[in-house]
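Structural description and commentary
One-letter residues, chain by chain:
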Amino acid sequence: MDPNIDYSHDEHPLDRFLQQDNTNRGAEDVASTSSSGNATQSTNNDDFYGQEAIHDTQDLVMPDLNIPLVSRLPAFGRLVKRTKQFNATTEAEFDAFCEVTNMEEHMVLLYAATLETRDLLKGMIKSDVWVMPDELKKSIPAYVKAFLLSPTITSYRGNCAMHVYKAMVELGISELPHEKNAAQVAEVMSCISGQLTSFRAVMKAKIQATVKPDPAKKGPDSTNIADLAAALISSTRVVPTLQLYIRIAFLRFHITEYPDPSVDYWAKVDETLTRWRKGRTAAQLSESFNKLYNEDKIKYGDPVDTTHEPVQPKNLPGWLKTVENHAMNVQADSAGASSAPKRKRT
């Protein structure tokens with residue numbers, strides 16, 4: 001500020017307001033003297049303060065207009081507070097602002113308040129980025145496990161993710177995105193695919209752990225198909241069925257048939273499924289599965305010798321039937337099976 005200029009006489013909105021207020025107060029005094037008992041006439045201050053606020057300021061000493069503007073802020077602040085409803089924190093901050101006598105500091109405080117308001121507004125704006133709900137993340141593994149353990153599944157590495165998603169849609173899983181939201185569905189499908197890969201590895205490891213170098217030699221450590229099924233479904237909501245036992249026997253057969261770890265186990269499983277379904281009738285397909293199951297019972301023991309009791313298909317939970325219905329629609333990878341197993345088995 002230029003020290004040679006007297007800023008106290010500048011025409012400022014605050015000065016005009018205070019001058020007007022003093023003039024109006026004088027007019028009110030005259031009116032009250034000349035007209036006893038009459039209500040005080042409203043002034044232009046009614047629009048700024050309201051009638052009640054004007055009367056509340058009667059006992060205040062108006063700031064001296066000859067004092068520099070920033071020095072008059074505390075007094076003016078007290079006038080303004082009469083018209084506002086501040087909480088204790090806001091009132092304290094307002095008082096601190098009025099006590100500042102440097103104009104540059106006022107600008108800094110105002111700018112800080114502006115930035116704070118901007119940040120608050122940003123936080124109120126809903127993000128366009130969809131985040132998968134935690135409940136949905138928790139529910140996906142349950143349906144993936146049931147899907148891979150389904151005795152009706154036609155391919156373990158085909159388009160399983162899509163059919164898991166469709167099964168969940170039919171079951172009305174909450175917070176599942178609508179099919180029209182392509183980006184959100186893609187994120188869900190990615191999560192499903194990850195869970196499929198993870199549980200396939202778990203299944204293979206558990207089955208592989210039950211295969212002995214010479215499975216024909218039964219002993220205390222041999223794993224009955226019913227015990228193996230119980231281990232596979234232990235972390236799921238799946239219930240044991242005879243059809244599940246038969247499918248697990250089919251999977252265990254491929255572990256013994258392809259012991260080389262460099263061989264893609266699930267690719268071989270899908271090759272057999274594809275070839276069997278193309279070259280056999282439903283009756284022949286059932287016979288092929290049953291032969292492997294009977295062979296498994298000879299090697300590892302009959303499930304009836306265990307405490308496990310399989311559930312009849314008609315008694316399956318409704319949600320599990322829905323999953324199995326979708327599992328039978330999986331299409332194998334386009335790469336498909338190009339070579340037959342090392343040894344033909346039926």
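Coordinates for the structure precede this section.
What counts, and at which threshold
- Residues numbered from 1 in each chain as written.
- Predicted model: local features only at pLDDT ≥ 70, side-chain atom pairs only at ≥ 80, totals over all residues.
- Heavy atoms only, no water.
- Axes fitted to C-alpha atoms, helices over the stretch in contact; angles between N-to-C directions.
- Helix = DSSP H or I, 4+ residues; strand = E, 2+ residues; numbered from the N terminus.
- Parallel < 35°, antiparallel > 145°, perpendicular 65-115°, else oblique.
- Left-handed = near helix turned anticlockwise from the far one by under 90°.
- Contact = heavy atoms within 4.5 Å.
- Nonpolar A, V, L, I, M, F, W, Y, C, P; charged D, E, K, R; others polar.
- Salt bridge = Lys/Arg side-chain N within 4 Å of Asp/Glu carboxyl O.
- Patch = residues over 30% accessible without salt bridge, like charges linked within 9 Å, V, L, I, M, F, W, Y side chains within 5 Å.
- Areas by Shrake-Rupley, 256 points an atom, 1.4 Å probe, with all protein chains shown as cover.
- 1 Å grid on protein atoms, 1.4 Å probe; cavity = no way out; pocket = protein on both sides within 12 Å on 5 of 7 lines; lining within 4 Å.
- Points joined across faces, edges and corners; volume = space filled by probe spheres on them.
- Buried < 20%, exposed > 50% of the residue type's maximum accessible area, 1.4 Å probe, protein only.

Some details on the packing of helix 8 (residues 160-170) against helix 9 (residues 182-208)
- Running from N to C, helix 8 and helix 9 cross one another at 115 degrees; their axes reach a closest spacing of 9 Å. By the angle between their directions, the pair helix 8 and helix 9 is classed as roughly perpendicular. The element helix 8 and its partner helix 9 pack so that their crossing is right-handed. In this structure, helix 8 contributes C160, A161, M162, V164, Y165 and M168 to the contact, and helix 9 contributes V185, V188, M189, I192, S193 and L196.
- In terms of residue class, the contact of helix 8 with helix 9 is made up of eleven nonpolar, one polar and no charged.

Here's the deal with the pattern of salt bridges
- A full pass over the atoms with the stated rule returns eight salt bridges.
- For R118, the salt bridge is made with D119, and the minimal N-O distance between the two is 3.8 Å.
- In this structure, the salt-bridge partner of E271 is K268, at a minimum N-O distance of 3.6 Å. Within this pair, E271 and its partner K268 are both found in helix 12 (residues 265-279), separated by three residues, close to a single helical turn.

Description of a nonpolar patch on the surface
- A cluster of nonpolar side chains, namely M103, M107 and L110, defines an oily patch on the protein surface of about 300 Å² accessible area.
- If you trace the backbone, M103 turns up in helix 6 (residues 103-124).

Focus: the layout of surface pockets
- In this structure, the largest pocket encloses a volume near 310 Å³.
- Put simply, the parts of the chain that give the lining of the largest pocket at least two residues each are helix 5 (88-99) and helix 6.
- Class assignment for the residues of the lining of the largest pocket results in seven nonpolar, no polar and two charged.

Looking at empty space enclosed by the protein
- Enumeration according to the criterion identifies three cavities of 30 Å³ or more in this entry.
- Estimated volume of the largest cavity: approximately 80 Å³.
- Contributing to the lining of the largest cavity are A249, R252, F253, T256, L292, E295, D296, K299 and Y300.
- At the level of elements, helix 11 (242-257) and helix 13 (282-300) are the ones that each hand at least two residues to the lining of the largest cavity.

So, the environment of L176
- As for its position among the elements, L176 is in the loop between helix 8 and helix 9.
- Residue L176 is classed as buried on the basis of its relative accessible area of 17%.
- Along the backbone, L176 and E135 are 41 residues apart, and their C-alpha atoms lie at a distance of 9.8 Å.
- Setting aside residues up to four positions removed in sequence, L176 forms contacts with L136, Y165, M168, V169 and V188.

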